[in-house]
Amino acid sequence: MTPWSPTERARAFFSELGEQMADGELDEASNAVVHLVHAGKLDEAEAAARELLVRFPEVYDGYDRLGMVAEARGDKKLAAAHYRKVSSVGSVGSSPDVTARLSRTIFSTSRRSSAVTS
């Protein structure tokens, strides 16, 4: 293995620093959507969640936050659809929070539809 030149080390350092800065912006923007949902400002929360999708297309937060907005509006089917999209985004890994929200929305939707057909 060839040791990195000073230039390569500098590039790697600044690349990692840029990723850390972007992660901080992502966390701040994503948390802002959660706060807007909790404050009942759902139109603003939806707009901010859509902006997450534009600014950070490689992470799942935008779809997760859109799911939270839809769930807060009582639209369980739309919420579940957004939560399902989380799995299509590359950097998902495993998110127990999103899995729990998806399960909850699917369960409540299926309970409601079975009650209607009974």
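Residues numbered from 1 in each chain as written. Predicted model: local features only at pLDDT ≥ 70, side-chain atom pairs only at ≥ 80, totals over all residues. Heavy atoms only, no water.

**Some words on the packing of helix H2 (residues 42-55) against helix H3 (residues 61-72)**
- One can describe the packing of H2 onto H3 by two numbers: an axis separation of 8 Å at closest approach and a directional angle of 160°. Judged by the angle between their axes, H2 and H3 are roughly antiparallel. The handedness of the crossing between H2 and H3 is left-handed. For the pair formed by H2 and H3, the contact residues are Leu42, Ala45, Glu46, Ala49, Arg50, Leu52 and Leu53 on the first element and Asp61, Gly62, Tyr63, Arg65, Leu66, Val69 and Ala72 on the second.
- Considered class by class, the residues forming the contact of H2 with H3 number 9 nonpolar, 1 polar and 4 charged. (Axes fitted to C-alpha atoms, helices over the stretch in contact; angles between N-to-C directions. Helix = DSSP H or I, 4+ residues; strand = E, 2+ residues; numbered from the N terminus. Parallel < 35°, antiparallel > 145°, perpendicular 65-115°, else oblique. Left-handed = near helix turned anticlockwise from the far one by under 90°. Contact = heavy atoms within 4.5 Å. Nonpolar A, V, L, I, M, F, W, Y, C, P; charged D, E, K, R; others polar.)

**Let's talk about the side chain of serine 30**
- Mapped onto the fold, serine 30 is located in helix H1 (residues 6-38).
- The exposure class assigned to serine 30 is buried, which follows from its relative accessible area of 1%.
- Those residues in contact with serine 30 that lie beyond four places of it in its chain are Leu52, Asp61 and Arg65. (Buried < 20%, exposed > 50% of the residue type's maximum accessible area, 1.4 Å probe, protein only.)

**Regarding the environment of valine 89**
- Note that valine 89 resides in the loop between helix H4 (76-85) and helix H5 (96-117).
- Distance from valine 89 to tyrosine 60, taken between C-alpha atoms, is 5.7 Å for residues 29 residues apart in sequence.
- In contact with valine 89, not counting residues within four places along its chain, are Pro57, Glu58, Val59, Tyr60 and Tyr63.

**Details of the nonpolar core**
- Judged by nonpolar contacts, Leu26, Val33, Leu36, Val37, Leu42, Ala45, Ala49, Leu52, Phe56, Val59, Leu66 and Val69 together constitute the single largest core of 12 residues.
- Listed by contribution, the elements that provide at least two residues to this core are H1, H2 and H3.
- Leaving out residues up to four positions away in the same chain, valine 37 has contacts with Leu42, Ala45, Met68, Val69 and Ala72. (Core = buried A, V, L, I, M, F, W, Y, C linked by side-chain atoms within 4.5 Å.)

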